[in-house]
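Structural features, examined
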Amino acid sequence: MQLLRRTVRSVATFAVLLLLLYVKAHTFALTTGQAVDDSASYSTLNETSSAESLKRVVRQVDPTKEEITTVKADVEVEELGTCSEGLVLPLWMPQRKISIGDRAIRGFVYFMLMVYLFVGVSIISDRFMASIEAITSIERDVVVRGPKGEKQTMRVRIWNETVANLTLMALGSSAPEILLSVIEIYAKNFESGDLGPGTIVGSAAYNLFVIIALCMVLIPKGEKRRIKHLRVFIVTAVLSIFAYIWLWAILSLISPGIIEVWEGVVTLLMFPATVLWAYIAERRLLLYKYMDKNYRMNQRGTVVAGEHDSVEMGADDPKQTSKQFLQMSKSAHAYDEARMEYIQLLSELRQKYPDADLEHLEMMAQEQMINRGNKSRAFYRVQATRKLIGSGNLMRKIQERAHEDLSSVKAQIQTYNDDDDDVPTRIYFEPGHYTVMENCGEFEVRVVRRGDISGYSHVYFETYDGTASAGSDYVGKSGILNFPPGVDEQRFKIEIIDDDIFEEDECFYIRLFNPSENVSLYVPHTATIMILDDDHAGIFAFGDALHEVNESVGAYVLPVMRYSGARGTVIVPYWSEDETAISGRHYHGVRGELIFENNVTEQFITVPIIEESTYEKDVKFKVNIGEPVLAPDSAHYQKIRLVEKKPAEDLTDLERILLMSKPRNGELTTTYIRIRESTEFKSTVDKLVARANVSSVLGTSSWKEQFKDALTVVPADEHEFDAEEEVGEEVPKCMDYISHFICLFWKVLFAFVPPTDICGGYVTFVISIFVIGVLTAVIGDAATYFGCVLNIKDSVTAICFVALGTSIPDTFASIIAAKQDQTADNCIGNVTGSNAVNVFLGIGLAWSIASIYHAVNGSTFNVEPGTIGFAVTLFCGEAVIAIGVMMIRRSTKSIRAELGGPTISKWMNASILLLLWVIYLIVSTLEAYDIIMV
């Protein structure tokens, strides 16, 4: 920021020097270009109350001889220093007999007024840009198929980035210049003026030469920025030069001095043609799809299309990878790329802060996602203005937004199944399955009531046989369960009959029926009771062949079941084996033994799962159990050992049954554990990625927020923002307070503009552009008065003063974009795009209106080529040189980028661009005062 402020001071100093040069040039023009009667003097001219007839040398183009000649013409001129009434701003009276000191004071006042108005335009333009960001950030849900054919729902932006940049974004950054050109036409009764077109041409020169030069040298040492969308840049660069060639053609070649209706309309229609051509180039439509197209692996490991870059595929089969990439839609690829970036950020933060909890890491990752995200021209424009007017750094708002996003997402994910009193009364078993030992005696069954429990309810129950029989295996039971008001559950007991005979596991059922009125039975309304025989050592197996777990589970508890008996102490060995999951990376391998004590029917294997916070994770490993054996100290073991020593033919029936009761494995001795990504993590990633855009950072949701921002002094944050740092209390500096109080009037005034959350930003858009139009009209009057009292022509005022005032915010925005972006598109691409749009939309709209007005009234719209034609020609020649310099830098092996690079080369190239701008200003000024005759 210190360097930027020094740059502003340098520009201001240069402007003052130019002012002195203009006064000197004007004096020289008066003494050499005007023939005044010998009997009249300069003092007599000032004292006369009416204009005198003067002789002045003017230049004319003889269409018959096609050569430039000079003739003397009699023109009526008003008294020196007399100004005509403006459109909005009142005229400073008196206008006659003004001293040089008075003129200097008035010039200074008008100059400061213009500066203050430029500040106001910058602030309201930021509200305008925020509304544009809200409009162009509108998203829609799309369903695409992933690599495995699964459907994915994601949110993508409706507006194409190139179309948005060349339409609304260009309008937002160039609205003052465009509106000034249109308003000037209306103010001059649909006659041509020099202020509007001059501002557009002067702004184009400043943008192309000065802004790019500053961005080139202010890139941090050792870094460089390269244009990503080269095709779009080439299209906009060519059209930006063609736009000014077209201006020269219609001014001086096709119909010299006259703008016909078709010329104005064609100029205006070139604006949508520019947008369409750039869109075609960006999407590779028509001829562009037949051009060479390479692919490369970006830093996140994703295959992306390159523009004349070498192929750097990281996959084993580049052709196959390219084929898969081409099958993905562009929207799905962009969404997946953002998602992978978020996951990579989270992984890096986990390594950097191993002791931090996941929620804090997610918050930091979200901050960096928004910070690193694809930012528009609007973001950098607003950020630059906020720093200049004492409203702080947008990065602070990003950190606050990350906290809010994470809290909101967590609240959405965490749902609660609370009972609803409006739901009808439901009665059912909870749980619906019971497993009991044969020797348990009796067990308790639970029936619950849910929904409206304010009334009285009842339900009948009864047992019925399955493989178990009432009377021999259990005691049958039936009855009625009553639920008084406010009671939500009832319990009853069932008795189990024990015997010493080995038998298979058996089951019976309990059903609910005949509920009271206004009560419905809910599943499960039938309970299953499994009776495990305790005379057998048991059969051991896993309950399921596959278990799916989230990686965030920490440790997964894997159950091993014991059924068909539970007598004696049994030892079961177990161990894990790798499949696609790798021990030590995805989980910690386990090996050991489970000990089932007498009458214990279930034991658990604890498997630690390693959380990587990986999106769409899908790996598995298996866990095995070995042959179960009775514990040597078990009484049952001793009985079996004695029986096993006898010959088979000597065994009794009871002894044979005893041998059959030895423990053995069931069918499922191996189970697979499939590790998936955490459902909460996946949901969090999807929701946060969908929220990771800067539109809500730029926008506002209420008038309260706007007035709070307007009245609050926020530190400018000179240091680079680190998303991993906590928001700390920082005291504003003296310059922050000065900037704040200077801009306080504009801040409070524009806080009345509706927030961007209303109607998606469209209301803010309309009101903001209306306010910009009003302020631009005042600027036009102030600039005209400024030039009038100091005898500076409108064309010179436009090129050297108004153009600088409207371009200063873009200067800071481009510098911030150059430092923070990874590409040069927001610095360079938008400059050429805006230059083309300014001509086609700004001049095309104004001249179309004026030419149609004159055609309807039977007259012609006359535009003197003069200074504008010369400035356009000069700019075209210098623009070719500037673009050539950038393309040479891009192709030079030691640089390979438009911005940054080696220190010596970037300063040399930047000096060339700055020299082109100085030459442009000096030559245009000298030509305007006829010092240079063309």
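Overview of the structure. Computed from a predicted structure; not experimentally measured.

For the rest of this paragraph, the subject is the overall build of the protein. Each helix and strand counted, the protein has 23 helices and 30 strands in total. Looking at the protein as a whole, 50% of its 934 residues qualify as buried.

Moving on, we come to the packing of helix α5 (residues 195-218) against helix α23 (residues 903-928). Where α5 contacts α23, the axes come no closer than 8 Å and their chain directions differ by 160°. Viewed along their axes, α5 and α23 adopt a mutual orientation that is roughly antiparallel. The crossing of α5 and α23 is left-handed. Residues V201, G202, A205, Y206, F209, V210, I212, A213, M216 and V217 of α5 lie in contact with α23, whose contacting residues are K906, W907, N909, A910, L913, L914, L916, W917 and Y920.

As a further point, take the pattern of salt bridges. Two side chains carrying opposite charge are able to pair once their charged atoms lie near each other. Tallied over the entire structure, the rule returns 13 salt bridges. In this structure, R446 and E489 form a salt bridge, with 2.7 Å as the shortest nitrogen-oxygen distance. With R446 in strand β12 (residues 442-450) and E489 in strand β15 (residues 489-495), the pair connects residues that are 43 residues apart, well separated along the chain. Two residues, E489 and R491, come together in a salt bridge whose shortest N-O distance is 2.9 Å. Assessed through its relative accessible area of 43%, R491 is described here as partly exposed.

Glancing now at the packing of aromatic side chains. Any pair of aromatic rings gets described here by the distance separating the centres and the angle formed by the planes. On inspection of all chains with the given rule, the structure shows 24 aromatic pairs. Where Y428 meets Y522, the ring centres are 5.5 Å apart and the plane angle is 50°; that geometry is what we call tilted. Highlighted residues: Y428 in strand β10 (residues 425-429) and Y522 in the loop between β17 (519-521) and β18 (526-532), separated in sequence by 94 residues. Assessed through its relative accessible area of 11%, Y428 is described here as buried. With relative accessibility at 43%, the residue Y522 sits in the partly exposed group. Look at W746 and F750: their rings are 5.5 Å apart centre to centre, the planes differ by 15°, and that puts the pair in the stacked class. Of this pair, W746 and F750 are both found in helix α18 (residues 734-750), four residues apart, which corresponds to roughly one turn of the helix. The same class applies to W746 and to F750, which are both buried.

Pairing in this open sheet of five strands is mixed, and the strands run β11-β18-β16-β13-β14 from one edge to the other. On the outer flanks of this sheet lie β11 (433-437) and β14 (478-483), each paired with one strand and no other. Put simply, the sheet's adjacent strands are angled 25° from each other on average, direction ignored. Note: strand β13 (residues 457-465) against strand β16 (residues 506-513), six bridges, orientation antiparallel. By the bridge assignment for β16, E462 is matched with R511.

What follows deals with the packing of helix α20 (residues 794-820) against α23. Where α20 contacts α23, the two axes come as close as 8 Å, and the packing angle between them is 150°. By the angle class used here, α20 and α23 are roughly antiparallel. Only W917, Y920, L921, S924, T925 and A928 of α23 make contact with α20, whose side of the interface consists of S795, V796, I799, C800 and L804.

All right, on to the side chain of N835 then. Along the polypeptide, N835 turns up in helix α21 (residues 825-856). What N835 contacts, discounting residues up to four positions off in sequence, is A204, N207, L208, S240, Y244 and F875.

Ranked by internal contacts, the top residues of the largest apolar core, which has 134 residues, are Y244, W847 and L899. Sorting elements by how many residues they give to this core places α5 first, with 17 residues. Among residues more than four places away in sequence, those in contact with W847 are I185, P197, L247, I250, L251, I259, F861 and V863. A537, V549, Y556 and V623 belong to the second largest nonpolar core, which has 26 residues in total.

A few words on the environment of S564. Summarising the element assignment, S564 is placed in the loop between β21 (555-563) and β22 (570-578). When the C-alpha atoms of S564 and I531 are compared, they prove to be 8.7 Å apart, with 33 residues separating the residues in sequence.

A few words on the sheet that holds β10. Sheet strands associate in pairs through backbone hydrogen bonding, adopting either a parallel or an antiparallel arrangement. Within the open sheet, the four strands sit side by side as β15-β12-β10-β17. Their pairing is mixed. Every interior strand has two partners, whereas the edge strands, β15 and β17, have only one. When strand polarity is set aside, the average angle formed by the axes of neighbouring strands in this sheet is 25°. Pairing of β12 with β15 involves seven bridges; the strand directions are antiparallel. Its bridge partner being in β15, F443 is matched across the sheet by I494.

Calculation criteria
Residues numbered from 1 in each chain as written. Predicted model: local features only at pLDDT ≥ 70, side-chain atom pairs only at ≥ 80, totals over all residues. Heavy atoms only, no water. Helix = DSSP H or I, 4+ residues; strand = E, 2+ residues; numbered from the N terminus. Buried < 20%, exposed > 50% of the residue type's maximum accessible area, 1.4 Å probe, protein only. Axes fitted to C-alpha atoms, helices over the stretch in contact; angles between N-to-C directions. Parallel < 35°, antiparallel > 145°, perpendicular 65-115°, else oblique. Left-handed = near helix turned anticlockwise from the far one by under 90°. Contact = heavy atoms within 4.5 Å. Salt bridge = Lys/Arg side-chain N within 4 Å of Asp/Glu carboxyl O. Phe/Tyr/Trp six-rings, centres within 6.5 Å; stacked < 30°, edge-to-face > 60°. Pairing = 2+ DSSP bridges. Core = buried A, V, L, I, M, F, W, Y, C linked by side-chain atoms within 4.5 Å.

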